[in-house]
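Structure assessment
So the chains spell out like this:
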Amino acid sequence: MIDQGTIQRILDSSEIVDVVGDFVTLKRRGTNFIGLCPFHNEKTPSFNVSPSKGIYKCFGCGKGGSVVNFVMEHEHLSYVEALKWLAKKYNIEVNEREETPEDIQARNDRESQMIVTSFAQKYFTSQLWDSNEGRIAALGYFRERGLRDDMVRKFELGYCPSGNDVFTQEALKAGYEMKFLEKTGLTIKREDWIRDRFSGRVMFPIHGVSGRVIAFGGRTLSQDKKIAKYLNSPESDIYHKSRVLYGIFQAKRSVIQNDKCYLVEGYTDVIAMHQSGIENVVASSGTSLTSDQIRLIRRFTNNITIIYDGDQAGIKASLRGIDLVLEEGVNVKVLPLPEGEDPDSFSRSMGSSELQEYIDKNETDFIKFKTQLLLEGTENDPITRARLTTDIVRSVSVIPDGIVRAEYLKECSRLMNVREEVLYEELRKLKRKRDDEMFRREQRVQVHHENIPEAPNVEVKKEAGPVNNPCAIEEREVLRMMLKYGDQKLFEVENDEGETEVITVADYFISELDADGIESVDPVIRQVFQECDEHFGEEGFEPLRYFVQHPDSSVSQLCSNILSEKYTESQFWKKQGSYVEEEHDILYMLVPRLLQEYKLRMVRFLINQAIDEMKEAAKGDDFDRIVDLQRNIQNLKSVEKELSDKLGKRTINF
Ligand SMILES: [Zn+2]
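Quick notes on the rules
- Within each chain, residue numbers correspond to sequence positions counted from 1 in written order.
- Given that the model is predicted, a residue must reach a pLDDT of at least 70 before its local features are reported, and side-chain atom pairs must reach 80 or more before they are shown or counted; all residues, however, enter totals for whole chains, interfaces and linings.
- Only heavy atoms go into the side-chain values, all of them from the structure, while hydrogens and water stay out.
- Secondary structure elements are taken from DSSP: a helix is a run of H or I of four residues or more, a strand is a run of E of two residues or more, and numbering for both begins at the N terminus.
- Per-residue accessibility, obtained with a 1.4 Å probe over protein chains only, is compared with the maximum for each type, and a residue is labelled buried under 20%, exposed over 50%, and partly exposed between these values.
- In what follows, residue pairs with any heavy atoms lying within 4.5 Å of each other are defined as contacts.
- In this description, accessible areas are obtained by the Shrake-Rupley approach with a 1.4 Å probe, and a residue is regarded as covered only by the protein chains that are shown.
- Note on pairing: DSSP must find at least two bridges between two strands before they are called paired.
- Throughout, an axis means a line fitted to C-alpha atoms (over the contacting stretch in the case of helices), and angles, computed between N-to-C directions, take values from 0 to 180 degrees.
- In this description, a donor is an N, O or S atom within 2.8 Å of the metal centre, a cutoff extended to 3.2 Å for sodium, potassium and calcium. Water is not part of the atom list, which can make sites seem incomplete.
- A site with four donors is called tetrahedral when every donor-metal-donor angle falls between 85 and 135 degrees; four donors are called square planar, and six octahedral, when opposite donors sit more than 155 degrees apart and all other angles fall between 65 and 115; any other arrangement is irregular.
- Any angle from 65 to 115 degrees is called roughly perpendicular, while one under 35 is roughly parallel, one over 145 is roughly antiparallel, and all others are oblique.
- Side-chain classes are defined by residue name, with Ala, Val, Leu, Ile, Met, Phe, Trp, Tyr, Cys and Pro counting as nonpolar, Asp, Glu, Lys and Arg as charged, and the others, Gly among them, as polar.
- Here a crossing is called left-handed whenever its near helix is offset anticlockwise from the far helix by less than a right angle, and right-handed whenever the offset is clockwise.
- By convention, a stacked pair of Phe, Tyr or Trp rings (six-membered ring in the case of Trp) has centres within 6.5 Å and planes under 30 degrees apart, an edge-to-face pair has planes over 60 apart, and any other such pair is tilted.
- Nonpolar side chains (Val, Leu, Ile, Met, Phe, Trp, Tyr) within 5 Å and like charges within 9 Å form the patches, drawn only from residues with over 30% relative accessible area and no salt bridge.
- Salt bridges are identified by distance alone: a Lys or Arg side-chain nitrogen within 4 Å of an Asp or Glu carboxyl oxygen.
- Positive charges are assigned to Lys and Arg, negative charges to Asp and Glu, while His and the chain termini are left out of the count.
- To locate a charge, take NZ of a lysine, CZ of an arginine, CG of an aspartate or CD of a glutamate.
- This arc corresponds to the set of directions leading from the helix axis out to the C-beta atoms.

1. A few points about the overall build of the protein
Helix and strand counts for the protein stand at 28 helices and 18 strands. Taken over 654 residues, the protein has a buried fraction of 45%. Summarising the internal contacts of the protein: among those between residues at least 6 apart in sequence, 64% fall at separations of at least 24. Accessible surface, the protein: about 34900 Å² in total, of which carbon and sulfur atoms supply 48%.

2. Remarks on the sheet that holds strand S10 (residues 213-220)
An order of S6-S9-S10-S11 is seen for the 4 strands of this open sheet, with the pairing classed as antiparallel. Edge positions in the sheet fall to strand S6 (158-160) and strand S11 (230-232), since each has one partner strand and no second. Within this sheet the neighbouring strands show an average axis-to-axis angle of 35°, counted without direction. Relative to S11, S10 runs antiparallel, the two being bridged by 3 bridges. Bridge assignment links Gly 217 to a residue of S11, and that residue is Asn 232. Against the sheet, helix H6 (residues 132-144) makes contact with S6, strand S9 (201-207) and S10, and its axis sits at roughly 130° relative to S6, the strand it touches most.

3. Some thoughts on the pairing of strand S15 (residues 331-336)
Here strand S14 (residues 303-308) pairs with S15 via 6 bridges, running parallel. Residue pairing in the sheet places Ile 306 in a bridge with Val 334 of S15. Bridging between S15 and strand S16 (residues 364-365) involves 2 bridges; their strand directions are antiparallel. Paired with Lys 333 across the two strands is Asp 365, which belongs to S16.

4. Details of the coordination of the zinc ion
Reference values for coordination geometry: four tetrahedral donors around a metal ideally subtend 109.5 degrees, six octahedral donors ideally subtend 90 or 180 degrees. The coordination sphere of the zinc ion, as far as protein atoms go, consists of Cys 37 (SG), His 40 (ND1), Cys 58 (SG) and Cys 61 (SG), spread over 2.1 to 2.3 Å. Taken together, the 4 donor atoms coordinating the zinc ion span angles of 102 to 118° at the metal, a pattern that classifies the geometry as tetrahedral. All donors to the zinc ion come from one chain, and their sequence spacing reads C-x2-H-x17-C-x2-C. His 40 sits in the partly exposed class, given a relative accessible area of 21%.

5. Section: the sheet that holds strand S2 (residues 32-35)
The 5 strands are arranged S1-S2-S3-S4-S5 in an open sheet whose pairing can be described as antiparallel. Each edge of the open sheet carries a strand with a single partner, namely strand S1 (27-29) and strand S5 (64-66). Neighbour-to-neighbour, the strand axes of this sheet turn through a mean angle of 25°, independent of strand direction. Alignment of strand S4 (residues 55-58) against S5, held across 3 bridges, turns out to be antiparallel. Pairing of Lys 57 across the sheet is with Gly 64, part of S5. Contacts from helix H3 (residues 67-75) reach strand S3 (47-50), S4 and S5, with the element oriented near 120° to S5.

6. A short note on the environment of Gly 340
Mapped onto the elements, Gly 340 comes out in the loop between S15 and helix H14 (343-348). In this structure the C-alpha to C-alpha distance between Gly 340 and Asp 309, which are 31 residues apart in sequence, comes to 7.2 Å.

7. Section: the pairing of S3
Neither face of S3 is left uncovered, since the one carrying Phe 47 and Val 49 and the one carrying Asn 48 and Ser 50 both have all their residues buried. Sheet topology note: the S2/S3 ladder contains 3 bridges and is antiparallel. Looking at S3, one finds that Ile 34 is bridged to Asn 48. Pairing analysis gives 4 bridges linking S3 to S4, with the strands arranged antiparallel. In the strand pairing of S4, Ser 50 is matched with Ile 55.

8. What to know about the packing of H3 against helix H4 (residues 79-89)
Put simply, H3 and H4 touch, their axes get as near as 9 Å, and they point 105° apart. By the angle between their axes, H3 is roughly perpendicular relative to H4. Here Val 67, Val 68, Val 71, Met 72 and Glu 75 of H3 come into contact with H4, specifically with Tyr 79, Ala 82, Leu 83, Trp 85 and Leu 86. Counted by class, the contact of H3 with H4 contains 9 nonpolar, no polar and 1 charged residues.

9. Points about the packing of helix H27 (residues 587-619) against helix H28 (residues 623-647)
Direction vectors running N to C along H27 and H28 enclose 160°, while the axes themselves pass 9 Å from each other. Our classification of the angle between H27 and H28 gives roughly antiparallel. H28 is crossed by H27, and the crossing has left-handed handedness.

10. Quick look at the packing of aromatic side chains
Here a ring pair, both rings aromatic, is described through the centre-centre distance and the interplanar angle of the planes. Here the structure, examined in full by the defined rule, presents 29 aromatic pairs. Here Phe 124 and Phe 167 contribute two aromatic rings whose centre-to-centre distance is 5.1 Å and whose plane-to-plane angle is 45°, an arrangement assigned as tilted. Linking Phe 124 in helix H5 (residues 101-130) with Phe 167 in helix H8 (residues 166-173), this pair joins segments that are 43 residues apart in sequence. Just as Phe 124 is buried, Phe 167 falls in that class too. These aromatic residues form a ring-pair network of at least three members: Phe 119, Tyr 123, Phe 124, Phe 167, Tyr 176, Phe 198 and Phe 216.

11. Regarding a negative patch on the surface
A contiguous patch of negative charge on the surface is contributed by Asp 496, Glu 497, Glu 499, Glu 501 and Asp 507. Tracing the backbone shows Glu 497 in the loop between strand S17 (489-494) and strand S18 (500-504).

12. Side note on unusual backbone geometry
For Asn 91, which is not glycine, the phi dihedral falls at a positive 50°. Here Asn 91 is to be found in the loop between H4 and H5. You will see that Asp 259, though not glycine, has its phi angle at about 50°, which is positive. Residue class for Asp 259 comes out partly exposed when judged on its relative accessible area of 40%.

13. What about the pattern of salt bridges?
Under the counting rule described, the total for this entry stands at 23 salt bridges. Put simply, Lys 89 and Asp 22 hold a salt bridge, and the shortest N to O gap is 2.7 Å. Placement of Lys 89 in helix H4 and of Asp 22 in the loop between helix H2 (16-21) and S1 is noted, with a sequence separation of 67 residues between them. Lys 89 sits in the partly exposed class, given a relative accessible area of 28%.

14. A closer look at helix H12 (residues 291-298)
Taken as a whole, H12 has its buried residues at Gln 293, Ile 294, Leu 296 and Ile 297. Each buried residue of H12 sits inside an arc of 155° when the element is viewed along its axis, so together they form one side.

15. Digging into the environment of Arg 243
Counting through the fold element by element, Arg 243 comes out in the loop between S11 and helix H10 (248-258). Distance in space between the C-alpha atoms of Arg 243 and Leu 289 is 9.6 Å, their sequence separation being 46 residues. When residues no more than four places from it in sequence are discounted, the contact partners of Arg 243 are Asp 292, Gln 293 and Leu 296.

Here is the structure:
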């Protein structure tokens with residue numbers, strides 16, 4: 001964290017006209033400045049900067065805020081990153097919290113992996129352009145596929161020479177450590193041999209959002225069917241494939257300007273579209289689309305169009321993608337290509353204005369897409385029609401925003417020629433079914449409750465937990481339960497296939513906390529939760545041994561304290577005699593209740609935090625922020641009420 005004094009110094013030094021002026025040509029108008037908005041496409045300026053108030057505001061798209069907001073929004077940085085960005089601009093030294101040796105080690109490790117990856121990219125690129133083998137095999141291949149040299153350069157494509165370990169030897173000679181070559185997967189090392197992972201492949205570097213190369217995809221030039229056509233870097237400290245999109249760095253500016261992102265499948269699709277002049281395009285290469293990837297796009301736009309191959313596999317993949325995108329609250333359209341075409345071949349077959357025209361004319365919203373697809377050839381079959389209606393309503397039901405849901409239902413009603421009321425009834429049915437499932441799950445717990453005498457009112461003294469952790473007691477108790485009873489059965493549920501599924505104590509805590517996005521403010525506790533998440537359910541995992549002998553001393557200390565102290569048992573559940581002995585027999589009662597207590601404590605903490613922020617915000621004139629906070633507090637309060645109602649009179653007062 002940056003200390004308060006430094007933050008103040010940064011804010012005092014930052015001139016909004018100066019900062020915005022780095023990106024936007026500003027003209028003086030009266031006391032203010034005006035220019036073309038960098039956040040939406042416009043021809044006449046509606047973007048205003050007020051140096052006296054230190055704020056900007058666009059009357060076209062509504063974006064506005066302080067100088068820090070501008071940097072955050074424009075450069076897609078977090079608050080702290082934006083402050084650092086400004087500090088750099090104004091030569092202000094930033095003093096941060098002191099890093100532990102482990103922090104430094106981890107940071108250095110990641111940085112070393114970045115550096116060796118960057119070296120590899122430069123090496124592969126130089127091999128492509130400057131070596132005979134590269135020019136003939138790889139550059140020849142790209143040109144043959146119709147790729148222009150400027151695109152090859154723009155995407156920093158390269159070539160890894162054939163041979164066992166040509167690249168690795170080169171890297172070692174240049175002073176890079178084997179450890180990092182291995183960690184990034186560039187080199188595969190076994191006891192008696194070393195190999196380049198990408199030997200003889202053309203290379204597609206994968207850039208992170210900020211433009212640094214974090215991994216590679218490599219395509220073989222061999223015709224041998226036994227050799228994998230594409231090979232990707234393995235997961236590493238710097239590359240998490242589910243959170244990365246190919247082309248996002250090259251696309252982000254255009255995505256913002258067009259307020260839209262096209263989603264395609266492969267590296268070459270992305271590059272071919274760039275070559276045709278369409279730059280707001282990314283690919284979920286190497287994985288099927290994930291929620292994290294959609295959230296990454298959502299940082300830049302709320303509109304996604306899925307472009308897919310006109311074959312069966314392509315249609316299936318895009319159907320899968322649609323619900324995922326809808327669930328994230330993003331608007332989705334689809335663009336089917338003619339059969340037998342993929343974005344690569346298709347965009348090369350026509351000029352750039354033709355391509356854009358085709359896209360604009362043929363992209364359809366997902367309801368039309370599904371309707372057309374599923375109704376084909378069976379137009380008047382009532383059964384198909386009913387199934388299709390249910391199918392579409394199911395997709396609509398995952399959309400978080402009620403207004404958007406309503407619009408889609410209206411559209412569906414029009415297209416399917418079904419009355420809106422019928423669709424709403426369908427939606428209600430679906431929702432009821434989901435609630436029922438939830439209810440049944442809770443019922444199971446409650447049925448057990450009834451056989452148990454109600455827990456006594458509990459009075460607990462506050463224990464000195466980690467600094468400033470308002471939920472320390474509950475969190476330590478959750479951890480104790482998890483470490484002691486994590487593998488034990490809590491209750492059974494019926495899954496969709498009608499099979500019985502056992503939910504363990506660990507499953508329950510982890511999924512519940514995850515669903516609500518609850519995280520401890522204490523980094524050590526957070527780490528333990530995360531490692532629980534990773535390891536529970538693994539064959540032979542012994543939580544007690546694992547955590548007590550943990551290499552990180554803060555983790556092992558915390559866990560041994562939690563487990564050894566008697567305090568928890570008597571402190572949280574001040575029990576009547578035999579309760580303590582029977583703890584493991586009444587987990588189905590203790591565990592859900594503990595979770596509710598923890599959630600309640602956390603919600604109250606968040607409310608107080610928001611109220612404090614609100615007081616701060618009320619001093620300035622950022623009304624949007626104040627309204628946001630108000631809304632947030634209201635939401636939290638209703639959650640609080642729900643939780644304390646559930647806990648009833650048994651609410652614990654610390
Ligand atoms: Zn604007």
